[in-house]
Amino acid sequence: MGMEFTPVNIDEFFDSNTEKNDSIFKTGIVVFTDYQQHLINHLRQALAVNAPDRLDRLETRLDDVTKLAESIAAFPSLLERANTTTSTRTPEALVETLVSYQEDGDTMLHMPSKAILGKAFLVAKIHTFFSMSKLAKNYAKMDDKQVKEYSDETSSMVLTLMAEDVYLNLLKDKTISLDLRRELANSLIILWEHRSDQTMSDIAPVLQTVWFARRRLAPAFGTMMGTSELLMVTMQMDDQWNAFIREKLADPDVTQAMEEFLFGISHEQILRLKALLRDKGVKSIGRDEVSSYLGEHVKTDINLDYRDFYLLYTVRRDNARTRNRLHLEGPKNTLEDHFIRFVMEKNKEKQKNDSFAK
């Protein structure tokens, strides 16, 4: 069907120095970034000395990941005009389709094949780096600081996996300007094409720090004052996060999303727990007591790996989508939705001010 739209040049969304490099053009996907390749080479060297019998297994796994990327690259590029089986697809039309599509439900069958296959590639890559962190710890005789580099990179890739969900959520948010939703659509297409996202790369350290803070803190479940504890941690963080807290925490949806993130239970469970503790006159309980008070199993433990991190995110994501669809009370967005939207709005505002200044 025909539609009116303002053409958007996807080339404007690339950093010419970092995005358009040889490794991307050979496969269409960033198989390994320069930093990831550095980690791989370092592990190879350490294993060659300390556990040579493990080296072949690592090489086989890396080859499998590379071959998977090469296979996905055989599908038509999402950044160029392409003749599909039944029609011609352009990046501009794909942007408008993403912006205009507002149906609920799982959109998997409405996405390009390259997007679905690329997600599987990223999952395989995440598992590979998690295995590398175990190799670094148990066989390569690396110290804790070096091992952490592999686990941190694994967590960073999980955040890139989450970015796709966040962009899809924000694309349906009519409170966001059409121009910004087009930028979100472009970011999503580039993510699908290369399985690398500059926005998420920039803010991943911030979200990782918040997640680690959530793991370290033991919020007072009696008073439910955990949010204030997280605010104390933000004093050690960067200006972006501090600005987000300062400008957005007065928004009830942001506050409620923050509570869900911090306590690891849903908004509905938080309200029930508050009422139960108030009625029983209990001032404070530990994390391990939450399940018994609520009468159901809830995952509030703080020693979570990257799989649990993503699992808890998807629970919050699905709950938010359900509330939005059924017009229920509680947060309609995740904390990640709110923060990434804030960052992109600030970036767009800065671009606008810079253009006026010229």
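What you see is a predicted model; the values in this text were computed from it and never measured.

About the cut-offs
Residues numbered from 1 in each chain as written. Predicted model: local features only at pLDDT ≥ 70, side-chain atom pairs only at ≥ 80, totals over all residues. Heavy atoms only, no water. Axes fitted to C-alpha atoms, helices over the stretch in contact; angles between N-to-C directions. Helix = DSSP H or I, 4+ residues; strand = E, 2+ residues; numbered from the N terminus. Left-handed = near helix turned anticlockwise from the far one by under 90°. Contact = heavy atoms within 4.5 Å. Buried < 20%, exposed > 50% of the residue type's maximum accessible area, 1.4 Å probe, protein only. 1 Å grid on protein atoms, 1.4 Å probe; cavity = no way out; pocket = protein on both sides within 12 Å on 5 of 7 lines; lining within 4 Å. Points joined across faces, edges and corners; volume = space filled by probe spheres on them. Nonpolar A, V, L, I, M, F, W, Y, C, P; charged D, E, K, R; others polar. Core = buried A, V, L, I, M, F, W, Y, C linked by side-chain atoms within 4.5 Å. Parallel < 35°, antiparallel > 145°, perpendicular 65-115°, else oblique. pLDDT = per-residue confidence, 0-100.

Asks: How should I be thinking about the packing of helix 4 (residues 91-100) against helix 7 (residues 178-194) in this particular structure?
Replies: How two helices pack is summed up by the angle between their axes together with the distance between the axes. Two numbers describe how helix 4 lies on helix 7: the axes approach to 9 Å, and their chain directions differ by 120°. Here the hand of the crossing between helix 4 and helix 7 comes out right-handed. Of the residues in helix 7, those touching helix 4 at Pro 91, Leu 94, Val 95, Glu 96, Leu 98 and Val 99 are Leu 178, Arg 181, Arg 182, Ala 185, Asn 186, Leu 188, Ile 189 and Trp 192.

Asks: Before we go on, may I ask you to explain the side chain of Ser 266 in this structure?
Replies: Along the chain, Ser 266 falls in the loop between helix 11 (252-263) and helix 12 (267-280). The exposure class of Ser 266 is buried, given its relative accessible area of 11%.

Asks: Would you take a moment to explain the layout of surface pockets for this structure?
Replies: Summary: where empty space remains is shown by rolling a probe the size of a single water molecule over the atoms. Each pocket or cavity is described by its volume, and for the largest pocket that value is around 1,200 Å³. Forming the walls of the largest pocket are 40 residues, and the residues nearest its centre are Gly 105, Thr 107, Leu 168, Asn 169 and Lys 172. Among the residues forming the lining of the largest pocket, the class breakdown is 13 nonpolar, 13 polar and 14 charged.

Asks: Hey, could you run me through the nonpolar core in this one?
Replies: Generally speaking, a soluble globular protein has its nonpolar side chains buried in company with each other. Membership of the largest hydrophobic core comes to 82 residues, with the highest contact counts inside it found for Leu 43 and Trp 241. Among the elements that take part in this core, helix 6 (residues 144-171) stands out by supplying 13 residues, more than any other. Leu 43 has contacts with Leu 58, Met 132, Leu 135, Ala 136, Ala 140, Met 142 and Tyr 150, leaving out every residue within four places of it along the chain. Core analysis: the second largest hydrophobic core is formed by nine residues, Phe 263, Ile 265, Ile 270 and Leu 294 among them.

Asks: Would you mind showing me how to read the packing of helix 6 against helix 14 (residues 306-326) here?
Replies: The geometry of helix 6 relative to helix 14 is characterised by a closest axis approach of 10 Å and an angle of 10° between their N-to-C directions. With respect to helix 14, the element helix 6 is oriented roughly parallel. Between helix 6 and helix 14, the contacting residues are Thr 154, Val 158, Leu 159, Leu 161, Met 162, Asp 165, Val 166 and Asn 169 on the first element and Tyr 306, Phe 309, Tyr 310, Tyr 313, Arg 317 and Arg 321 on the second. Of the residues belonging to the contact of helix 6 with helix 14, the class tally is nine nonpolar, two polar and three charged.

Asks: I would appreciate a short explanation of the confidence of the model for the protein chain in the present structure.
Replies: When the pLDDT values of the protein chain are averaged, the result is 85; 84% of them are 70 or greater. Within the protein chain, the element-level pLDDT minimum falls on helix 1 (residues 22-27), averaging 44, and the maximum on helix 2 (residues 34-50), averaging 97. Here residues 1-7 is modelled with pLDDT under 50, and outside its nearest four sequence neighbours on either side it reaches eight contacts, counting other chains as well. pLDDT under 50 marks residues 13-26. Its contacts with residues more than four places away, or in other chains, come to 19 contacts.

Asks: What exactly am I supposed to notice about unusual backbone geometry here?
Replies: Peptide bonds are, in most cases, trans, and in most cases residues other than glycine have a negative phi. For Lys 141, which is not glycine, the phi dihedral falls at a positive 60°. Position of Lys 141 relative to the elements: it lies in the loop between helix 5 (113-138) and helix 6. A residue is classified by how much of its surface remains accessible, and Lys 141, at 66% relative accessible area, is exposed. The phi angle at Arg 195 is positive, at roughly 55°, despite the residue not being glycine. Position of Arg 195 among the secondary structure elements: in the loop between helix 7 and helix 8 (198-216). Residue class for Arg 195 comes out buried when judged on its relative accessible area of 4%.

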